[in-house]
Every structure is written in structure tokens, then in C-alpha cells.
Amino acid sequence: MIFTVTLNPAVDYVVHLPGTLRQGSVNRAAAAEIQFGGKGINVSLVLRALGAENTALGFTAGHTGEWLAEALAQQGLHTDFIRLPAGETRINVKLKAGTETDVNAAGPAIPPEAMAALREKLAALGKGDTLVLAGSIPAGLPADTYAALAKGCTSRGVSLIVDAEGEALLQALSCRPFCIKPNREELGGLFGRALRTDTEVAACAEALRQKGARNVLVSLGGEGALLLDETGQMHRTFAPAGTVKNSVGAGDSMVAGFLAGWRATGSYAEALRWGAAAGSATAFSEGLADGESIRKLLAALPPQA
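Reference entry: report on the structure contained in this document. These figures come from a predicted structure and were not determined experimentally. (Residues numbered from 1 in each chain as written. Predicted model: local features only at pLDDT ≥ 70, side-chain atom pairs only at ≥ 80, totals over all residues. Heavy atoms only, no water.)

Section: the overall build of the protein
Going by this rule: A helix here means a DSSP run of H or I that spans at least four residues, while a strand means a run of E at least two residues long, and both kinds are numbered starting from the N terminus. Taken over C-alpha atoms, the radius of gyration is set against a globule rule of 2.2 Å times the number of residues to the power 0.38. When accessible area is computed with a 1.4 Å probe and restricted to protein chains, residues below 20% of their type maximum are described as buried, those above 50% as exposed, and intermediate ones as partly exposed. By the convention used here, residues are in contact when the closest approach between their heavy atoms is within 4.5 Å. Only four residue types enter the charge count: Lys and Arg as positive, Asp and Glu as negative, with His and the chain ends excluded. Charge coordinates come from a single atom per side chain, which is NZ of Lys, CZ of Arg, CG of Asp or CD of Glu.
Scanning the protein for helices and strands turns up 10 helices and 13 strands. Relative to a compact globule of 305 residues, whose C-alpha radius of gyration would be 19 Å, the protein shows 19 Å and is just as compact. Expressed as lengths along the three principal axes of its C-alpha atoms, the size of the protein is roughly 55 × 45 × 40 Å. Scored against the burial criterion, the 305 residues of the protein give a buried share of 53%. Sequence separation of 24 or more characterises 63% of the internal contacts of the protein that already satisfy a separation of 6 or more. The distance from the centre of the 27 positive side-chain charges to the centre of the 29 negative ones in the protein is 3 Å.

What to know about the sheet that holds strand S13 (residues 234–237)
Condition: DSSP bridges decide pairing: two strands pair if at least two such bridges lie between them. All axes are obtained by fitting lines to C-alpha atoms, using only the stretch in contact for helices, and the reported angles, taken between N-to-C directions, cover 0 to 180 degrees.
Ordered in space as S5-S4-S1-S8-S9-S10-S11-S12-S13, the nine strands form an open sheet in which the pairing is mixed. In the strand order of this sheet, the two ends are held by strand S5 (78–83) and S13, each with one partner. Where strand S4 (residues 54–60) and S5 come together, six bridges link them in parallel fashion. Residue pairing across strands places Thr55 opposite His78, the latter belonging to S5. Its contacts with the sheet place helix H1 (residues 39–49) against strand S1 (2–6), S4, S5, strand S8 (130–134) and strand S9 (159–163), and it is angled at close to 150 degrees to S1.

What about the side chain of Ser253?
So the rule is basically this: Polar contacts, as used here, are pairs of N or O atoms within 3.5 Å; protein pairs need one atom able to donate a hydrogen and one able to accept it. Residues neighboring in sequence count only if both atoms are side-chain atoms.
As for its placement among the helices and strands, Ser253 is situated in helix H8 (residues 250–265). Among the polar contacts listed, one links the side chain of Ser253 to the side chain of Thr282, at a separation of 2.7 Å. Those residues in contact with Ser253, other than ones at most four positions away along the chain, are Val46, Ala278, Gly279, Thr282 and Leu288.

Comments concerning helix H4 (residues 145–155)
Turning to H4, its buried residues number three or more, namely Thr145, Tyr146, Ala147, Leu149, Ala150 and Cys153. The inward-facing, buried residues of H4 abut helix H3 (112–122), S8, S9 and helix H5 (166–172). A positive backbone phi angle near 90 degrees is found at Gly157, which sits one or two residues after H4.

Let's talk about the environment of Asp12
Looking at where Asp12 falls in the secondary structure, it is placed in strand S2 (residues 10–16). Residues Asp12 and Arg90, 78 residues apart in the sequence, show an inter-C-alpha distance of 8.5 Å. Those residues within four positions of Asp12 in sequence are excluded, and the remaining contacts are Glu33, Ile34, Gln35, Asn92 and Lys94. At a separation of 3.3 Å, a polar atom in the side chain of Asp12 contacts the side chain of Asn92.

Considering the sheet that holds strand S3 (residues 31–37)
If you trace the four strands from one edge of the open sheet to the other, you get S3-S2-S6-S7, paired in mixed fashion. Bordering the open sheet on either side are S3 and strand S7 (99–103), each of which pairs with just one other strand. Strand-to-strand, the axes of this sheet are offset by a mean angle of 20 degrees, without reference to chain direction. Here helix H2 (residues 62–74) sits on the sheet and contacts S2, S3 and strand S6 (90–97); the angle it forms with S3, its principal contact strand, is near 85 degrees.

See below:
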């Protein structure tokens, strides 16, 4: 079974402006929609679209938390959230006006007893299960939160996937995750350099593999993705042609596609194709991609050696 963890879920209010954003003035939206997610939840939704059943774990709070949980249930997603005693699940604002501007709110405080309840849920995971830890660590929690959550799981044979930035990712390497997924900028930031070529990307990916990651999947935006697998072999795929409408959730979709592809085929090359197709399908959609869109792009991508 697959389990995802989102420590700081969100209700996203996506606003489309007919032109550019006029600061200090009244802007009238051409359209707006509500999206329910957070990185782990996005992974869960795309996994479900690909037929991979899973359970979304994490924390919700207040009326917005109830709204989020109800909306996800209506989409057919199985969740097992922990209710926090105070605060509200955050609302983020996504402005689309030629370029995308995000205003991300802070989430509610997560008390020690809530973290203990999450650890108790994770204690039930065992061999054959997969745990996806995705997103930033909320303020007030230490940088090694993911490492602490994963430590007991990996010792019981749970496959771990981590999609996080900076110190949170580095700390998790000690748990020997099955896969980590930085994007090019995040990967370069870990080494204090800009990565311009596949060779440079692969070299930094290999450094993280030497630190504990079994597989390193690097999203490259419009240039596709690169995978350095646990044998040290590099796989490369390029993004299919299409019009980019949305970048929110594309990386999460790549994680979901990679995981679904690996479970379906047992091939790293094929898993990379699935990941690229899922990430691109979301980039070409207004929201998260559906299964049909992903499969169409998968069929258009050339097989990988």
C-alpha cells in the first residue's frame, strides 16, 4: 500500500487575471477556482488517477481543514488525517497573470501529541508499503522531522520517497530513501552552484546517492527529467511537446508517475517515462492531470533504453 504524508495541506485559491497584475490598484479576475492539496496530497490524487490506490496522511485544522477533507473524499481519495486542536488549514493564493505569483500562508502549529499520533499511524507500515514524504516542514518543527518519521519505517522494509528541499532532504538521506526528487534548482542549491548541463546534474545526483539515496530523480522543467538509478546508471527523457498552462503540482505529478510506473513495470527507464508524462500532463492542464491525459503523453514518449 502507498501512503503519502502532507504536514501542511492547503486550500489553493487560483485567480486568473486577464492581463498583468496592477499593484496598488483594483484587479478584476477573469476566472477563479479552488484546488485542494499540498504536495503529498497532489501525489495521492495523481496516483489515484493512474489506478494506484493509496492513503493520504497528514494534519487538518478548523473549518478549512474540514472543507479540504470533505472535498478530497468527494474526489474518491482515501484519507486518514489527524485533526489539530487549534488553528486553520492554510489558504494559499495563486495569481496567474502572464506569470504565476504564489502567496503561501503559514499553516497551524503542530503540537507534540499530534506528531506522536502520526508516528503511531506510521508504525503500522511494513514490508511492501511505500511512504511518500513531500513538501516543506512547517515552522516550529525541526529540520530532521522527515528523517525521524522515516527512520522506523525504513528499518521495517518500507520504501521511502522524499520530495523536500534543503536540510530536510539532506537529513532524510541517512534513512536510505528509495528515491528523492529535487528539481534542478533545488539540487544546485544543495551544492551552491548553478547546474547547466546533464553532466553537472548527474554529478550532483551521484553525490546524493553516495550519501544514501538509492535513486535520484531530477525534474528539469521543460527539458524533461534525469534519473540516476541505484546501480549508477543515468536515464534521460525529454518533455513532450505541449503548451504549459500550470506549474503547480507538476513535480508532485512526476513523483506519482514515477512511483506508479515503477510498481507497474519494475523498470527504472519506464518509471522515468511515466514520471515525465505525468509531470508534463499536469503542466499542460489547468490543475492536476487526469489518467487519460497522462496515458496519452506516455504513449507519445519514445521508449527508454
